[in-house]
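Secondary and tertiary structure notes
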Amino acid sequence: MRTETPPLRRLAGMGALVLATALGACATITPQQEVQLGLQQAREINQQLPIVSDAALEQYINSLGDQLVRQARRQFDYTFYIVNTDAVNAFALPGGFVYVNRGLIEQTENLSELAGVLAHEIAHVEERHGAEQLERAQTANLVVAIPYILTGRTPTGLERAAVGIAGTAYLTRHSREAEREADRVAVSLLVGAGISPQGLITFFQKLLSERQRRPSQLEQWFSTHPLTEERIRDVQSVLNTVPPAQLRNLTTTSAAYRDFKARMQRYPQPPAEFRTGR
C-alpha cells in the first residue's frame, strides 16, 4: 500500500532539494540567489498555506509594506502575504517575501503595531539573517540541515499545518542577537516612513502579557522570535537615541488601518487545520 508523505515532510524535502541544487558548491549567497531561493520557496509555501485572497486586503498590506521598504537600502521587490490562520506569527524569506498571519493582525490595535511587525521582518531580509543561516547550513551539510532549519524541531499539533514551521522556511528560529538587530533596523524604517516606532514596544508587551493566557496561539511566535522584557528595554533604549524632533507627529493609526482590520475580521474563518482550537 502506498503511504502518503505528510505535507510538512514533503515541503521540507522539496526545500532541501531546491536549495542544494541552486546553491551548489558556492558558500556565499548573492542577492540574485536570495531572490531566486525566496521565490522558489514562496511558490511552494503558497501551495501549502491558506493565503488570503482578497484584493483590498492584499493591496493594503502591500501598500503599508512598500511604505516601509522605501526606507530600506537593499531595494528588493518585496511581496507581502496574509496567511489565514489564527496563530500569531510572521516570517520573511530571503529576497523580500514577507508573511503575516491573520491571528497577528487581529492582535494589533493600531497601525504602528502592525507596521512594527512588518518593519521587523523587512529588517531580517535587510540584514541577511536568512541568507546567513543558509550559508552556515551549507557549510555543515546543506541537504541534511535544511529539513531541520525548515522544522526547527519535531513538529506537533498545529505546527504540522506548516504555518510557523515549514512556512518559516529559512528563518525558523532567530538568535537573540538577530532579533535585537532587526529591532534596531525596524525603528529606523518606521521613523523614516513617518510611523511611530512605539508600536513595536506596545505589541511586544501585549504578547508577553498574553503568553500565559493563550499559549497555543502564541507558541509559534515565541518559538521563532525570542522575546523577553530585556529585549523590550533594548528597543526603548534605541528609541531614546532618536532625536525628539524626529518622533513628533508620527502616525500611530489611520482610518485605512481600521477599515483593513474590519475587513480582515469579516474574511472567512481559517480552515480547521489552521486553527489553534484551544
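Preceding block: the structure.
Counting from 1, residues in each chain are numbered in the order their sequence is written. Totals for whole chains, interfaces and linings use every residue, but because this is a predicted model, local features are given only for residues with pLDDT of at least 70 and side-chain atom pairs only at 80 or more, for both listing and counting. Computation of side-chain values: all heavy atoms of the structure, hydrogens and water removed.

Things to note about the side chain of D54
Quick reminder of the rule: Secondary structure elements are defined from DSSP: runs of H or I of at least 4 residues count as helices, runs of E of at least 2 residues count as strands, and each element is numbered from the N terminus. As used in this structure description, the phrase polar contact means that two N or O atoms lie within 3.5 Å; if the pair is within protein, one of them must be able to donate a hydrogen and the other to accept it, and residues adjacent in sequence are counted only when both atoms belong to side chains.
You can see D54 is positioned in the loop between α2 (31-48) and α3 (55-69). A distance of 3.1 Å separates a polar atom in the side chain of D54 from the backbone nitrogen of A56.

Looking at the pairing of strand β2 (residues 90-93)
This is how the line gets drawn: Think of it in three bands: with a 1.4 Å probe and only protein chains considered, a residue is buried below 20% of the maximum accessible area for its type, exposed above 50%, and partly exposed in between. In this analysis, strands are considered paired if DSSP registers two or more bridges between them.
With burial as the criterion, each face of β2 is covered, one bearing A90 and A92 and the other bearing F91 and L93. Linking two consecutive strands that pair antiparallel, namely β2 and strand β3 (residues 97-101), is a turn of 3 residues; a positive phi of about 95° is found at G95 within it.

Let's talk about the pattern of salt bridges
So the rule is basically this: One side-chain nitrogen of Lys or Arg within 4 Å of one carboxyl oxygen of Asp or Glu is enough to make a salt bridge.
Taken as a whole and assessed by the stated rule, the structure comprises 11 salt bridges. The residue D54 makes a salt bridge to R263 at a minimum N-O spacing of 2.9 Å. Of this pair, D54 sits in the loop between α2 and α3 while R263 sits in helix α12 (residues 255-266), and the two are 209 residues apart along the sequence. Ionic contacts of the salt-bridge type, sharing partners, join the residues R73, E126 and E127 into one network.

Considering the environment of G194
Heads up, the condition is: For this analysis, residues touch if any pair of their heavy atoms sits within 4.5 Å.
On the secondary structure map, G194 appears in the loop between α7 (176-192) and α8 (198-210). Here the alpha-carbon distance between G194 and S112, two residues 82 residues apart in the chain, equals 10.0 Å. When residues no more than four places from it in sequence are discounted, the contact partners of G194 are L250 and T251.

Regarding α3
Cut-off, in case you're wondering: Here, expected helix span is obtained from the residue count minus one, scaled by 1.5 Å.
Compared with an ideal rise of 1.5 Å per residue, which puts 15 residues at 21 Å, α3 spans 20 Å between its outermost C-alpha atoms and is within 8% of the ideal. Here α3 has its buried residues at L57, Y60, I61, N62, L64, G65, L68 and V69. Those residues of α3 that are buried lie in contact with β1 (79-83), β3, α5 (111-126), α7 and α12. For α3, the side-chain oxygen to backbone nitrogen distance between the N-cap and A56 is 3.1 Å, and the N-cap itself is D54.

Some points on the sheet that holds β1
Selection criterion: Note on definitions: angles span 0 to 180 degrees between N-to-C directions of axes, and those axes are lines fitted to C-alpha atoms, for helices only across the stretch in contact.
With mixed pairing, 3 strands are arranged side by side in an open sheet as β1-β3-β2. Bordering the open sheet on either side are β1 and β2, each of which pairs with just one other strand. In this sheet, neighbouring strand axes are inclined to one another by 20° on average, regardless of whether the strands run parallel or antiparallel. Across 4 bridges, the pairing between β2 and β3 is antiparallel. Bridge pairing in β3 links F91 to Y99.

So, the environment of G199
Within the element layout of this structure, G199 appears in helix α8. Residue classification places G199 among the buried residues on the basis of a relative accessible area of 0%. Expressed as a C-alpha distance, the spacing of G199 and E113, which sit 86 residues apart in the sequence, is 4.0 Å. Residue contacts for G199: discarding those within four places in its chain leaves S112 and E113.

Topic: the pairing of β3
When you tally the buried positions in β3, you get 5 out of 5 residues, the bulk of the element. Of the two faces of β3, the one lined by F97, Y99 and N101 and the one lined by V98 and V100 are each fully buried.

Considering the nonpolar core
To keep things clear, this is the line we draw: Working definition of a nonpolar core: buried Ala, Val, Leu, Ile, Met, Phe, Trp, Tyr and Cys residues. They are joined through side-chain atoms within 4.5 Å.
Among the nonpolar cores identified, the biggest contains 56 residues, and L68 and I82 are the most heavily contacted of them. Among the elements that take part in this core, α5 stands out by supplying 9 residues, more than any other. Once residues within four sequence positions are removed from consideration, L68 is found in contact with A115, L118, A119, I122, L189, L190, A193 and I195. Counting 10 residues, the second largest nonpolar core, distinct from the first, contains L49, Y81, F97 and F274.

Observations concerning the packing of α7 against helix α10 (residues 229-240)
Condition: Helix crossings get a hand from a simple test, with the near helix turned counterclockwise from the far one by less than a right angle marking a left-handed crossing and a clockwise turn marking a right-handed one. The residue classification treats Ala, Val, Leu, Ile, Met, Phe, Trp, Tyr, Cys and Pro as nonpolar and Asp, Glu, Lys and Arg as charged. All others, Gly included, are polar.
For the pair α7 and α10, the least separation of the axes is 10 Å and the interaxial angle reads 35°. With respect to the hand of their crossing, α7 and α10 are arranged in right-handed fashion. On α10, the residues that touch E179, R180, D183, R184 and V187 of α7 are R231, D234, V235, V238 and L239. By residue class, the composition of the contact of α7 with α10 is 4 nonpolar, no polar and 6 charged.

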